[in-house]
Amino acid sequence: MRETLSAAAGRLRARIESFLPPSAFLPAAEPEKLRRFLTVLLCAWGAVWFVAPLLALDNAFIDVPENIIWGSYFQFGYDKNPYLGAWIGYLGSLLTGNSLWNSYLLSQVFVITGLWAVWRLSLRMTSPAGAFLAVIFLLGVNFYGIKSVELCDDVMELGFWPLLIWSFYCSLKDGNRIGSWLLTGFLAGCCFMIKYYGAVLFVSMFAVMLATPEGRRAFRRPGPYLGAVLFAVMCLPNLIWLGGNDMVAFRYAFDRAALDDGAPAFAFTYERLLKYPLRSFTRTLSVLIVPLIPFFLLFFRRDEAMPSGRFDRRFVAILAWGPFILTLLFSVVSGGSINYSWVVPCFPLLGLFFVLWFKPYINAFSLRAFTGFILLLGVVFVTIFVVRSLWQQPYLKRGCDYENFPGKALAARLTAEWRRQYAVPLPFVIGDRRESCNIAVYSTDRPEAYFSANPNFSQWIDENEIREKGALILFDGRKKRRPKWLGRLAAAGFAMTPEIRIEEERAVPGWFRALAGAPKSDSYVYCFIPPQAGAGAEPARP
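**Details of the overall build of the chain**
Step number 1: Assigned secondary structure in the chain consists of 21 helices and 5 strands.
Step number 2: When the 542 residues of the chain are sorted by exposure, 54% land in the buried category.
Step number 3: Summarising the internal contacts of the chain: among those between residues at least 6 apart in sequence, 79% fall at separations of at least 24.
Step number 4: Surface accessibility of the chain: about 24,000 Å² in total, with carbon and sulfur atoms responsible for 65%.

**What about a positive patch on the surface?**
Step number 1: Where like charges cluster on the molecular surface, the positive patch consists of K173, R216, R217 and R220.
Step number 2: Counting through the fold element by element, R216 comes out in helix 10 (residues 213-218).
Step number 3: Look at R216 and you get partly exposed, because its relative accessible area is 40%.

**So, the layout of surface pockets**
Step number 1: Estimated volume of the second largest pocket: approximately 360 Å³.
Step number 2: If you go around the second largest pocket, you meet 15 residues; those closest to its centre are W181, M205, M209, P224 and A228.
Step number 3: Within the residue set of the lining of the second largest pocket, elements represented by two or more residues are helix 8 (178-194), helix 9 (199-211) and helix 11 (223-244).
Step number 4: Residues that form the lining of the second largest pocket fall into these classes: 12 nonpolar, 3 polar and no charged.

**Topic: the nonpolar core**
Step number 1: Counting residues in each nonpolar core, the largest one holds 165 residues, and the members touching the most others are F315 and I430.
Step number 2: At 11 residues, the largest contribution of residues to this core is made by helix 7 (residues 153-173).
Step number 3: Setting aside residues up to four positions removed in sequence, F315 forms contacts with L121, M125, I165, F168, Y169, L172 and V208.

**Description of the packing of helix 8 against helix 11**
Step number 1: Contact geometry for helix 8 and helix 11: axes closest at 7 Å, N-to-C directions at 30°. Between helix 8 and helix 11, the angle falls in the class roughly parallel. For the pair helix 8 and helix 11, the sense of crossing is right-handed. Contacts between helix 8 and helix 11 pair I178, W181, L182, G185, F186, A188, G189, C190, F192 and M193 from the former with G223, P224, L226, G227, L230, F231, M234, C235 and N238 from the latter.
Step number 2: Across the contact of helix 8 with helix 11, the residue classes break down as 14 nonpolar, 5 polar and no charged.

**Quick look at the environment of A86**
Step number 1: Along the chain, A86 turns up in helix 4 (residues 84-95).
Step number 2: Judged by its relative accessible area of 2%, A86 falls in the buried class.
Step number 3: The spacing of A86 and Q75 is 11 residues in sequence and 9.5 Å in space, taken between C-alpha atoms.
Step number 4: The residues touching A86, leaving out its near neighbours within four places in the chain, are N67, W70, G71 and Y78.

**What about unusual backbone geometry?**
Step number 1: A positive phi is found at K359, a non-glycine position, where the angle reads about 55°.
Step number 2: For K359, a relative accessible area of 14% corresponds to the buried category.

**Focus on a nonpolar patch on the surface**
Step number 1: Taken together, the side chains of L274, L278, F281, L285, I289, I293 and L297 define a hydrophobic patch exposed on the protein surface, amounting to about 630 Å² of accessible area.
Step number 2: Examined against the element boundaries, L278 turns out to sit in helix 13 (residues 270-298).
Step number 3: Assessed through its relative accessible area of 43%, L278 is described here as partly exposed.

**A word on helix 18 (residues 433-442)**
Step number 1: For helix 18, the tally of buried residues reaches 10 of 10 residues, placing the bulk of the element in the interior.
Step number 2: Residues R433, R434, E435, S436, C437, N438, I439, A440, V441 and Y442 constitute the buried set of helix 18.
Step number 3: Turning to helix 18, the residues buried within the fold contact helix 3 (63-71), helix 17 (407-422), strand 1 (428-431), strand 2 (448-451), strand 3 (471-476) and strand 5 (521-529).

**Points about the pattern of salt bridges**
Step number 1: The tally for this structure, following the rule as stated, stands at 22 salt bridges.
Step number 2: With a closest N to O distance of 2.8 Å, D174 and R124 form a salt bridge. On the criterion of sequence distance, the pair formed by D174 in the loop between helix 7 and helix 8 and R124 in the loop between helix 5 (101-123) and helix 6 (128-139) is long-range, its members being 50 residues apart.
Step number 3: Classification of D174 by relative accessible area gives partly exposed; the value is 24%.
Step number 4: Residues R506 and D522 are paired through a salt bridge, measuring 2.8 Å at the closest nitrogen-oxygen approach. Taken together, the residues R506 in the loop between strand 4 (500-505) and helix 21 (510-516) and D522 in strand 5 connect sequence positions 16 residues apart. The pair R506 / D522 is uniform in exposure class, with both members buried.
Step number 5: Here the salt bridges do not stand alone but share partners, grouping E66, D79, K80 and R433 into one network.

**Describing the side chain of N102**
Step number 1: Looking at the element boundaries, N102 is found in helix 5.
Step number 2: Discounting residues that sit within four places of it in the chain, N102 has contacts with G92, S93 and T96.

**A look at empty space enclosed by the protein**
Step number 1: By the definition in use, this model includes 1 cavity of 30 Å³ or more.
Step number 2: Considering only enclosed or pocket space, the largest cavity measures out at about 40 Å³ in volume.
Step number 3: Lining the largest cavity are V64, N67, I68, G89, S93, S99, L100, N102, S103 and L151.
Step number 4: Looking at the lining of the largest cavity, the elements with two or more residues in it are helix 3, helix 4 and helix 5.

**Digging into the confidence of the model for the chain**
Step number 1: When pLDDT is averaged along the chain, the result is 89, and 89% of the positions lie at 70 or above.
Step number 2: A low-confidence stretch, residues 260-266 stays under pLDDT 50, and its non-local contacts, those more than four residues away or across chains, total 7 contacts.

**Observations concerning the sheet that holds strand 4**
Step number 1: Within the open sheet, the 5 strands sit side by side as 2-1-3-5-4. Their pairing is mixed. With one partner strand each, in any of the chains shown, strand 2 and strand 4 form the two edges of the open sheet. Neighbouring strand axes in the sheet, compared pairwise and without regard to direction, differ in orientation by 30° on average.
Step number 2: In the sheet, strand 1 pairs with strand 2 via 4 bridges, with the strands oriented parallel. Of the residues in strand 2, the one forming a bridge with I430 is Y450.
Step number 3: Helix 17 contacts strand 3, strand 4 and strand 5 of the sheet and is inclined by roughly 30° relative to strand 5.

Reading guide: rules and limits
- Residues numbered from 1 in each chain as written.
- Predicted model: local features only at pLDDT ≥ 70, side-chain atom pairs only at ≥ 80, totals over all residues.
- Heavy atoms only, no water.
- Helix = DSSP H or I, 4+ residues; strand = E, 2+ residues; numbered from the N terminus.
- Buried < 20%, exposed > 50% of the residue type's maximum accessible area, 1.4 Å probe, protein only.
- Contact = heavy atoms within 4.5 Å.
- Areas by Shrake-Rupley, 256 points an atom, 1.4 Å probe, with all protein chains shown as cover.
- Patch = residues over 30% accessible without salt bridge, like charges linked within 9 Å, V, L, I, M, F, W, Y side chains within 5 Å.
- Salt bridge = Lys/Arg side-chain N within 4 Å of Asp/Glu carboxyl O.
- Lys, Arg positive; Asp, Glu negative; His and termini not counted.
- Charge placed at Lys NZ, Arg CZ, Asp CG, Glu CD.
- 1 Å grid on protein atoms, 1.4 Å probe; cavity = no way out; pocket = protein on both sides within 12 Å on 5 of 7 lines; lining within 4 Å.
- Points joined across faces, edges and corners; volume = space filled by probe spheres on them.
- Nonpolar A, V, L, I, M, F, W, Y, C, P; charged D, E, K, R; others polar.
- Core = buried A, V, L, I, M, F, W, Y, C linked by side-chain atoms within 4.5 Å.
- Axes fitted to C-alpha atoms, helices over the stretch in contact; angles between N-to-C directions.
- Parallel < 35°, antiparallel > 145°, perpendicular 65-115°, else oblique.
- Left-handed = near helix turned anticlockwise from the far one by under 90°.
- pLDDT = per-residue confidence, 0-100.
- Pairing = 2+ DSSP bridges.

And the structure:
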């Protein structure tokens, strides 16, 4: 039976090969040509995804102003994340004169840096053509396209995770040099201090050390322990900060994963065993399958002569799938829901995994065809992003997305109204994350943001100062979105002016508004906490 199937497969392959062009039997381009082309391709990819949001958006993604606000207060932790991502976001804004375009540039710097690290790692494991294929495969994953335009912790990890993996590989393969391990410890600290989710990568790295002779030998050398010390030094300030702030970031993570929903800790429910893990698996698969289909259609022939060492295959297999598998196991064991954005940095070695384990026969025709598909897919991704940002979200969608929130218009309008009434700069803005972040960043007065009127979310706020200097309160105008924290402010004795409902059009670039007309409007409600007499304000004007 096996011989019959093998013979049938051979005949089918021969028949398919008879239709292939001559270039399908020629080797791929010379290594130097591949390197130059990859350099140009990655630079063009980054440039396109830098320019696209500049042309299609007129408001920043929410994580951008949030990081700027966090980073403007030098702390070793914040209510959602550790400190490094916030510092990077604020530094980028500071170096560009408080502009927001830098976020689109920095996001692509992280993306291209991560792809470069994958290229360098792949060159040590396979042929230049295989390394080229491993990198451009990733460009077919939406995480490196539409999802990459927002400078958030997930996009920063697209740069730091591959750098850490590359450094870790060099540490194990290049004689366990102390310098390499210190760099690995430093990069691990960066990953963890951008987002605690980096723990799933660290567990996978530890599994590599246990599962390979090279990894087990490293335990007998001082390098891993010195790297661990450096990692601990970078994380210790954040741990101390968490201890002094009621572990607020972990409470946020538990809420985000729906771990505080009242279910028993080990209740084997449908949601735990199937719903949450399967939902994450199927959604992720729908993204990863896009480059997989043309990969297997074009590289159906195998090349047994392709270099593929045993350690390299184990290393890549564990780190390509380990973080995602651990995430699914977390959902099964804890019952937690997996946020889609968490898995964005999980797959930098996916292309390399298929190159090393499938060993495709890479010829000139298949490599050109696959590259052409990826370029076409890039055009599709950009088109979807532009159409969605310019038309679907501002003109058709029922609810207002973060990037179409009228932050500039509301900030200008309400800052002017505050100044008209009180003749002093606006000192504070109180609101949920979307409203407060936008006003704080876009207002010319740069007020301090008090997130949801919760001191655990804005540790820098002194409510007595708000009583003295006053504040703007802004929230969504929909009845079901009326915030509960308004009641706390009233119960705490804050004097508030009558609420005023306003309408504001969604943010759309001016050039497109001139072509398509006014977008949808949404309602918002605002009021003021008046400054106390003697706080530098004039009496309120009618």
